[in-house]
Amino acid sequence: MPALVGSLPTRSCSASCGTPQASSLRSPESAAAQTRMHVDSRGCWRFRKDVRHAFALAEVMLGVLIFSIGIIALGRTVSNCVNASALSADDARVREILTNRMVEIETTPGQPDKSKEFKIDSGFGIVKLLQKAAPQEMKEEDGTELTGIIRVTLTANWTRGGADQSKQIAFYVYRL
């Protein structure tokens, strides 16, 4: 049976490889350059080992890239959690300072100071506490005016990471 020009006529290779083998019409070097295959010592067509190794290297590099991206994302997540925890701790400390001062004002007999400023060292920085008190005019449903009610506003100011932070509470005290 005559071979067609431009195609690879094949014949059965040895039983050990079972792959087609090129005939003498085409040299193994020209076929190897086009198909990335070569003829081994037994006369069988095989993929070149360097091509297989190149694919393995590319797979390993891709795996390392994906792993690196995952580690960077995990690092940023941990950093965000640490920042959120620090902000929560600051908020809790300031809330405790405001609550303590509110309890002091409520339990101290007499009128609260109209204006007062405190500087409290929280252990993590200075918290500036401003107290303002003003009489509150309120009326009952029948129009009777209530006296002795004072509105107290406490404002805490502090700095975190170069940014000014503030928290405020307001409450009423009844004094005769």
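Preceding this section is the structure that the text describes.
Residues numbered from 1 in each chain as written. Predicted model: local features only at pLDDT ≥ 70, side-chain atom pairs only at ≥ 80, totals over all residues. Heavy atoms only, no water.

## Topic: the pairing of strand 5 (residues 115-121)
Pairing of strand 5 with strand 6 (residues 126-135), which is carried by seven bridges, proceeds in the antiparallel orientation. Counted as the bridge partner of isoleucine 120 is valine 127 from strand 6. In sequence, strand 5 turns back onto strand 6 through a hairpin of four residues, with glycine 123 there showing a positive phi of about 90°. (Pairing = 2+ DSSP bridges. Helix = DSSP H or I, 4+ residues; strand = E, 2+ residues; numbered from the N terminus.)

## Structural notes on the side chain of threonine 155
Its place among the elements puts threonine 155 in strand 9 (residues 149-160). Under the relative-accessibility criterion, threonine 155 is labelled buried at 15%. Separated by 3.1 Å, the side chains of threonine 155 and glutamine 168 make a polar contact. (Buried < 20%, exposed > 50% of the residue type's maximum accessible area, 1.4 Å probe, protein only. Polar contact = N/O pair within 3.5 Å; in protein donor to acceptor, adjacent residues only side chain to side chain.)

## Section: a nonpolar patch on the surface
Together, Phe67, Ile71, Leu74, Val78 and Val82 make up an exposed nonpolar region whose accessible area comes to about 490 Å². Relative to the helices and strands, isoleucine 71 resides in helix 2 (residues 49-107). (Patch = residues over 30% accessible without salt bridge, like charges linked within 9 Å, V, L, I, M, F, W, Y side chains within 5 Å. Areas by Shrake-Rupley, 256 points an atom, 1.4 Å probe, with all protein chains shown as cover. Salt bridge = Lys/Arg side-chain N within 4 Å of Asp/Glu carboxyl O.)

## Details of the sheet that holds strand 10 (residues 163-174)
The four strands are arranged 5-6-9-10 in an open sheet whose pairing can be described as antiparallel. Two strands bound the open sheet, and with one partner strand each, they are strand 5 and strand 10. Neighbouring strand axes in the sheet, compared pairwise and without regard to direction, differ in orientation by 20° on average. (Axes fitted to C-alpha atoms, helices over the stretch in contact; angles between N-to-C directions.)

## Quick notes on the nonpolar core
Grouped together as the largest cluster of nonpolar side chains are 14 residues, with contacts concentrated most on Val152, Leu154 and Ala156. Elements that contribute at least two residues to this core include exactly helix 2, strand 6, strand 9 and strand 10. The residues touching alanine 156, leaving out its near neighbours within four places in the chain, are Val94, Leu98, Val127, Lys128, Leu129, Gln165, Ser166 and Lys167. (Core = buried A, V, L, I, M, F, W, Y, C linked by side-chain atoms within 4.5 Å. Contact = heavy atoms within 4.5 Å.)

## Structural notes on the side chain of threonine 153
Position of threonine 153 relative to the elements: it lies in strand 9. By relative accessible area, which is 15% here, threonine 153 ends up buried. Dropping the residues within four chain positions of it, threonine 153 is found in contact with Leu130, Gln131, Lys132, Gln168, Ile169 and Ala170.

## Digging into the pairing of strand 6
Of the strand pairs in this sheet, strand 6 and strand 9 are connected by eight bridges, and their pairing is antiparallel. For alanine 134, the partnering residue across the bridge sits in strand 9 and is arginine 151.

## Some words on the pattern of salt bridges
Side chains that carry opposite charge are capable of pairing whenever their charged atoms lie near each other. Inspection of the entire model under this criterion finds six salt bridges. The closest approach of N and O atoms between lysine 116 and aspartate 113, which form a salt bridge, is 3.3 Å. The exposure class assigned to lysine 116 is partly exposed, which follows from its relative accessible area of 33%. Of the residues examined, aspartate 113 reaches a relative accessible area of 35% and is grouped as partly exposed. Members of the salt-bridge network, linked through shared partners, are Asp90, Arg93 and Arg160.

## Digging into the environment of threonine 144
Position of threonine 144 relative to the elements: it lies in the loop between strand 7 (138-139) and strand 8 (145-146). Beyond its immediate sequence surroundings of up to four residues, threonine 144 is in contact with Met138 and Lys139. Among the polar contacts made by the side chain of threonine 144, one reaches the side chain of aspartate 142 at a distance of 2.8 Å.

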